[in-house]
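Topology and contacts: notes
The chain contents come next:
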Amino acid sequence: MKQRGQRKLLVPRRRTRPVFKPISNHQSPKVSVVIPAMNEGKTIASVIRQARLVHPATEVIVVVNGSYDETERIARQMGARVISFKESLGHDVPRGIGASHAKGNTILFIDADMVIAAKDLRPFVQAVDRGVDVALNSYSGKTEKVDVHPVVLAKHALNVALSRPDLRGASMTTIPHAISRKALNEIHAANLAVPPLAQTIACVKGLTLHKVYNVNVGRTNPRKRRKFKVDPLQNLILGDHLEALNWLHEQTNERGQLTDLTRDRTFVG
């Protein structure tokens, strides 16, 4: 009992700022890792550290926007290339900005609030190195239940409309994913701000899309958004899919080039 009382009287050690070991970007990068970040001071160092390990010749680009914490300071201290905006750019826009500044032939997209081990990021880079233009996360969302999330349904529906049911719910909306320099040139950086549209453009232009590796990001997102009765991004992402379908309609025909079989509508009315 005496020892317990003495422990209560011990003065706690003063916490100091964590020391971050800088990891410089490669001068001639083959891989560019794009990380949008807004108030992610707690995780950004770990995210950058894992990103830097995906390839020996890697540059890390952090697009800091709308942050009022130490995200930018930590990212710079970690040796990342930082593109900073005082205002929030909105969902996915930083991806396009980061990609437009990328020097590598492979561009890998991850988020600053989710620490993914380098071993789980390398398969996307390796797939692009083997010739894949768009390397997607195989994670398709939970479908084996009665009440499937509308965003999950939208992802599956878009891939069916694109005649790629094999992709199931794999989507450029989901990180991590990687694209080739060729894909960036065909899709254009601005269109990366609407991931389903970027994916649709890639399919229509004949780029090679494959789901290459499964990272279960669904285990993280529900915890982040559980305080909301409705996912705050749900309607935005659904709108993105509608925009993608509209573009597909404009570029092809009213059926998105899906067959009408032998139906002859001229006999009706």
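Below is a short write-up of the structure. (Residues numbered from 1 in each chain as written. Predicted model: local features only at pLDDT ≥ 70, side-chain atom pairs only at ≥ 80, totals over all residues. Heavy atoms only, no water.)

1. With respect to the overall build of the protein
As a reminder of what qualifies: Only DSSP runs of H or I with at least four residues qualify as helices, and only runs of E with at least two residues qualify as strands; both kinds are numbered from the N terminus onward. Burial classification: accessible surface area is computed with a 1.4 Å probe over protein chains only, and a residue below 20% of its type maximum counts as buried, one above 50% as exposed, and the rest as partly exposed. The contact rule is simple, with two residues in contact once any of their heavy atoms fall within 4.5 Å. Per-residue and other accessible areas follow the Shrake-Rupley method at a 1.4 Å probe size, with only the shown protein chains counted as cover for residues.
Of the regular secondary structure elements, the protein holds ten helices and seven strands. Taken over 269 residues, the protein has a buried fraction of 46%. Looking at the protein alone, contacts between residues at least 24 apart form 75% of all its contacts between residues at least 6 apart. For the protein, the computed accessible surface area is about 15,500 Å², with 52% contributed by carbon and sulfur atoms.

2. A look at the packing of helix 6 (residues 150–161) against helix 10 (residues 234–251)
Put simply, the rule is: Note on definitions: angles span 0 to 180 degrees between N-to-C directions of axes, and those axes are lines fitted to C-alpha atoms, for helices only across the stretch in contact. Each angle receives one of four descriptions, namely roughly parallel if under 35 degrees, roughly antiparallel if over 145, roughly perpendicular if within 65 to 115, and oblique otherwise. By definition, any crossing whose near helix is turned counterclockwise from its far helix by less than a right angle is left-handed, and any crossing with a clockwise turn is right-handed. Only Asp, Glu, Lys and Arg are considered charged, only Ala, Val, Leu, Ile, Met, Phe, Trp, Tyr, Cys and Pro nonpolar, and every remaining residue, Gly among them, polar.
Between helix 6 and helix 10, the shortest axis-to-axis distance is 9 Å and the interhelical angle comes to 10 degrees. The angle between helix 6 and helix 10 falls in the class roughly parallel. As for the relative orientation of helix 6 and helix 10, their crossing is left-handed in sense. For the pair helix 6 and helix 10, contact is made by P150, V151, A154, K155, L158 and A161 and by Q234, I237, L238, H241, A244, L245 and L248, respectively. Residue composition of the contact of helix 6 with helix 10, by class: ten nonpolar, two polar and one charged.

3. A word on the sheet that holds strand 3 (residues 81–85)
Selection criterion: At least two DSSP bridges between two strands are required for those strands to pair.
In space, the seven strands of this open sheet follow the order 3-2-1-4-6-5-7, with mixed pairing throughout. Each having just a single partner strand, strand 3 and strand 7 (209–213) make up the two edges of the open sheet. Averaged over neighbouring strand pairs, the angle between their axes works out to 20 degrees when direction is ignored. In this sheet, strand 3 lies alongside strand 2 (residues 58–65) in parallel orientation, the contact comprising five bridges. Opposite V64, over in strand 3, you have S84 as the bridge partner. Against the sheet, helix 5 (residues 118–129) makes contact with strand 1 (31–37), strand 4 (106–109), strand 5 (134–137), strand 6 (177–180) and strand 7, and its axis sits at roughly 150 degrees relative to strand 7, the strand it touches most.

4. A few points about unusual backbone geometry
Cis geometry marks the peptide bond from I175 to P176; its omega dihedral reads -5 degrees. Its place among the elements puts P176 in the loop between helix 6 and strand 6. Even without being a glycine, L261 presents a positive backbone phi close to 50 degrees. Among the structural elements, L261 can be located in the segment after helix 10. Of the residues examined, L261 reaches a relative accessible area of 74% and is grouped as exposed.

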